[in-house]
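Letter by letter, the chains look like this.
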Amino acid sequence: MRLKTQILISVLGITLFAQLVFGFMAYRQITESRGDQLTIFLQYLNREVADHLTLPGNADVSAIYLEELRKRFSTPDSVLLVQKNKKIEYAAGDVPEDLPELMKQLQQAYNEKDRHGLIEVKGTSYYWAVSDLPDPEYQLVMLEPAGDEEARIVSTLRNRLLSSGFIILWFAVWISLILGSKISHRLEEQNEMLEHQALHDSLTGLPNRLLLHDRINQVLLQSERQQKFFALFLMDLNHFKEVNDTLGHQYGDELLKMVSQRLQFAIREQDTIARLGGDEFAVLMPDTDLPGAELCARRMMKAMEAPFNINDVATESKASIGISLYPDHGAAAETLMQYADVAMYQAKRSHSGYAIYNPSQNRHTVRRLKLMNDIRDAIENNVITAFYQPLVNYDKHKVEGVEVLSRWHHPELGHIYPDEFIPLVEQVGLIRTLSMQILRQALKDCQLWSDRGMHLKISVNMSAQCLQDLRLPEEINSILQMYDTKPDVIQFEITESALMHDLSRARKILDVLNEMGFGLAIDDFGTGFSSMAYLKNLPVDTLKIDKSFIDDLIESQSDRAIVKSVIELGHNLRCQVVAEGVETQQVLELLDDMGVDLIQGYVFSPALSADKLMVWIDQYYARQKDVV
Ligand code: C2E
Ligand code: CA
Ligand code: CA
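Residues numbered from 1 in each chain as written. Chains lettered and ligands numbered in written order. Predicted model: local features only at pLDDT ≥ 70, side-chain atom pairs only at ≥ 80, totals over all residues. Heavy atoms only, no water.

Observations concerning the coordination of the calcium ion (ligand 3)
Summarising the metal site, the calcium ion (ligand 3) is bound by the protein donors Asp 523 (OD), Asp 524 (OD), Glu 580 (OE) and Glu 580 (OE), whose distances to it range over 2.0 to 2.9 Å. Between the calcium ion (ligand 3) and the calcium ion (ligand 2), a separation of 3.9 Å is found, and both are coordinated by Asp 523. In this structure Asp 523 comes out as buried when scored by relative accessible area, which is 6%. Residue class for Asp 524 comes out partly exposed when judged on its relative accessible area of 25%. (Donors = N, O, S within 2.8 Å, 3.2 Å for Na, K, Ca; no water. Buried < 20%, exposed > 50% of the residue type's maximum accessible area, 1.4 Å probe, protein only.)

What follows is the structure in structure tokens.
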């Protein structure tokens, strides 16, 4: 039933019910008042005459009073009775035929509380009232047929109820109609708003994932029927996280709004652009084949070319677009979305701006998507563990420190190495969380080793993203305090490329960390654009020669020359030089001859769990003793 009808029926129902109740109450009021009148009349008779009736002894006197009573009682149609011990002594007035029956009912009707009321005998109603006389054996009873009176009351009431009821009903109908239409109008508005909210993104006002899926399914059906192509684009902004982190979320939000506006201009009217969350957008392009899709992709990239000017701060924001096509790549919304995602990843990796889905990438990407999915849970549940690879001073036969390397044991895919999962962690923006987790684990283990008399320095890898966050030193400091550890135990390893990402910002953080007393190492030294200028100015105390120079050290003369110069350079800059990835005794001895300070590599040990590391160190020193 429609809301308006429901409201109308409810208001009418309530109005009619109220009228019935009030009518009944009015009727009761009137009949009650008639009973009261009779009682008052009886009390008057009682006071004036009747109480003399029961004077003891003199029957003549009583007869006189009875006569007097009769005179005063001159109400037409009514009956006056004097009863003694429930037997009628005297009756005056129009005595009805069925008096015995009437009296029988009356004896049942009256009691201590009710002294008047209405009874019905053989279809005739009578008002009755009873008044006690001073002698408790005597009572004065009055009966009055109610027929005419009742009919009069009912007809008066009916007329009044009808006229007032009609007016009230008329108002009720109007009120309910106006109320009904107002309420239903408001509800319709709210429904529309809720529906819009459920299907649109609140920031940009674009359709959301839910609506996009709905539209894809519609276009799928249409394209199937009309045998047409369509294209699905997934797009995400490059370096949006950095923009958010450095310029603030408000800036990020404004950027997303501007991007959505530019994209809307770049597409056709029949296309749907949706925001899927974060910096991810999707565009559904009905009736579009491969050349058409490429044309659109280029147009979208062009739209993103000009810098975005927000609050007088200009930023460049380029996008990576992945494209999947119906029917070439799939015939289900889910599949097309997944493939567009695969293509987008490809576009990101190759910096090509856009990429069309290529089925040969899929196997690799299915694994990546799975890992991407699971990495959040792994970090949330602290599943990723810290392993340690020893750094050995070969001359002194001493284990000086360990490098912390994270390990992820995936329940289905087995061991996953950091080279594969760290980029994913960075992509989902959790690298800082993971780095702090690993640091906590390392400090905890370090305390255990220290309790056993092993004082080891810890080298912790720090990714580029962490170096963009100015709150990092403070967080590290609070963790250190928790484990009651001094900063000089820890050395952070930073790659050259991480530094170059935003050198001035990274410098600020490195300066703070250095002032706090932490050690700093350049990792994979030699692989980036090692600029002497930055090296001179950075508070660095260790260079780690990249493994790629170590691998061919024996065969390659140029690698030997490079390693030699790096060692010299490092020492001139008062840095310690570490060689990593050392696998053989021959390379180890060559490096030692060249003057490398510390050696890290499989020649000693791969990264080990905290327990195994303790065992390994014990064995190492035991071996050294034997050698000595
Ligand atoms: P990296 O910092 O250059 O670490 C050295 C890598 O070389 C480690 O690989 C180590 O196991 C491996 N390695 C050491 N000695 C040898 C050797 O003699 N031969 C060979 N073939 N390899 C050796 P791993 O553990 O797979 O780590 C790879 C990279 O992942 C690391 O490179 C580091 O950049 C990154 N990483 C590892 N753990 C973390 C972490 O907790 N945070 C961050 N941000 N990055 C991490
Ligand atoms: Ca490292
Ligand atoms: Ca390295």
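Further notes follow.
Overview of the sheet that holds strand β11 (residues 319-326)
Reading across the sheet, the five strands line up as β7-β8-β6-β11-β12 and stay open at both edges, with mixed pairing between neighbours. What marks the edges here is a single partner per strand, and that holds for β7 (272-277) and β12 (354-356). In this sheet, neighbouring strand axes are inclined to one another by 20° on average, regardless of whether the strands run parallel or antiparallel. In the sheet, strand β6 (residues 230-237) pairs with β11 via eight bridges, with the strands oriented antiparallel. The partner of Leu 234 across the bridge, within β11, is Gly 322. (Pairing = 2+ DSSP bridges. Helix = DSSP H or I, 4+ residues; strand = E, 2+ residues; numbered from the N terminus. Axes fitted to C-alpha atoms, helices over the stretch in contact; angles between N-to-C directions.)

What about helix α12 (residues 431-451)?
Because an α-helix packs 3.6 residues into every turn, residues spaced three or four apart end up facing the same way. The terminal C-alpha atoms of α12, which comprises 21 residues, lie 30 Å apart, in line with the 30 Å expected from a rise of 1.5 Å per residue. In the stretch just after α12, Gly 453 is the one whose phi turns positive, near 85°. (Expected span 1.5 Å × (residues − 1).)

What to know about the site of ligand 1
Around ligand 1, a shell composed of 20 residues is seen, among which Gln 389, Ser 406, Arg 407, Glu 583 and Tyr 602 lie nearest. Coverage of ligand 1 by the protein amounts to 85% of the 790 Å² it exposes when considered alone. For the shell around ligand 1, the secondary-structure elements that each account for two or more residues are β14 (398-410), α11 (418-427) and β18 (519-525). For the shell around ligand 1, the element with the most residues is β14, which contributes four residues. Partitioning the shell around ligand 1 into residue classes produces six nonpolar, six polar and eight charged. (Near = heavy atom within 4 Å. Areas by Shrake-Rupley, 256 points an atom, 1.4 Å probe, with all protein chains shown as cover. Nonpolar A, V, L, I, M, F, W, Y, C, P; charged D, E, K, R; others polar.)

Examining the layout of surface pockets
There is about 300 Å³ of room inside the second largest pocket. Residue assignment for the lining of the second largest pocket shows that the elements contributing at least two residues are β14, β16 (457-461), β17 (490-495) and β20 (576-580). In the lining of the second largest pocket, the residues fall into nine nonpolar, eight polar and five charged. (1 Å grid on protein atoms, 1.4 Å probe; cavity = no way out; pocket = protein on both sides within 12 Å on 5 of 7 lines; lining within 4 Å. Points joined across faces, edges and corners; volume = space filled by probe spheres on them.)

Details of the sheet that holds strand β3 (residues 116-121)
An order of β2-β1-β5-β4-β3 is seen for the five strands of this open sheet, with the pairing classed as antiparallel. Two strands in the sheet have a free side with no partner beyond their single neighbour: β2 (87-93) and β3. Across the sheet, the axes of successive neighbouring strands diverge by a mean angle of 25°, strand direction being ignored. When strand β1 (residues 79-84) meets strand β5 (residues 138-145), the two strands line up antiparallel, connected through six bridges. Each bridged residue has a counterpart across the sheet, and for Val 82 the counterpart in β5 is Leu 140. Sitting on the sheet, helix α1 (residues 3-48) touches β1, β3, β4 (124-132) and β5, and the angle it makes with β4 is about 40°. (Contact = heavy atoms within 4.5 Å.)

A word on the packing of aromatic side chains
Inspection of every chain in the model, using the stated rule, returns 11 aromatic pairs. Centre to centre, the rings of Trp 170 and Phe 171 are 5.6 Å apart; their planes meet at 80°, and the pair counts as edge-to-face. Relative accessible area serves as the criterion here: at 48%, Trp 170 is assigned to the partly exposed category. A network of ring pairs unites the aromatic residues Phe 604, Trp 616, Tyr 620 and Tyr 621 as a single cluster. Cation over ring: Arg 262 sits above Phe 308, and NZ or CZ is 3.7 Å from the ring centre. We note Arg 368 situated over the ring of Tyr 345; from NZ or CZ to the ring centre the distance is 3.3 Å. (Phe/Tyr/Trp six-rings, centres within 6.5 Å; stacked < 30°, edge-to-face > 60°. Lys NZ or Arg CZ within 6 Å of the ring centre and 35° of its normal.)

What to know about the side chain of Glu 493
Note on placement: Glu 493 falls in strand β17. Exposure remark for Glu 493: the relative accessible area of 2% places this residue in the buried category. In this view, Glu 493 contacts Glu 403, Ser 459, Val 460, Asn 461, Met 462, Ala 521, Asp 523 and Lys 544; residues no more than four positions away in its chain are not counted.

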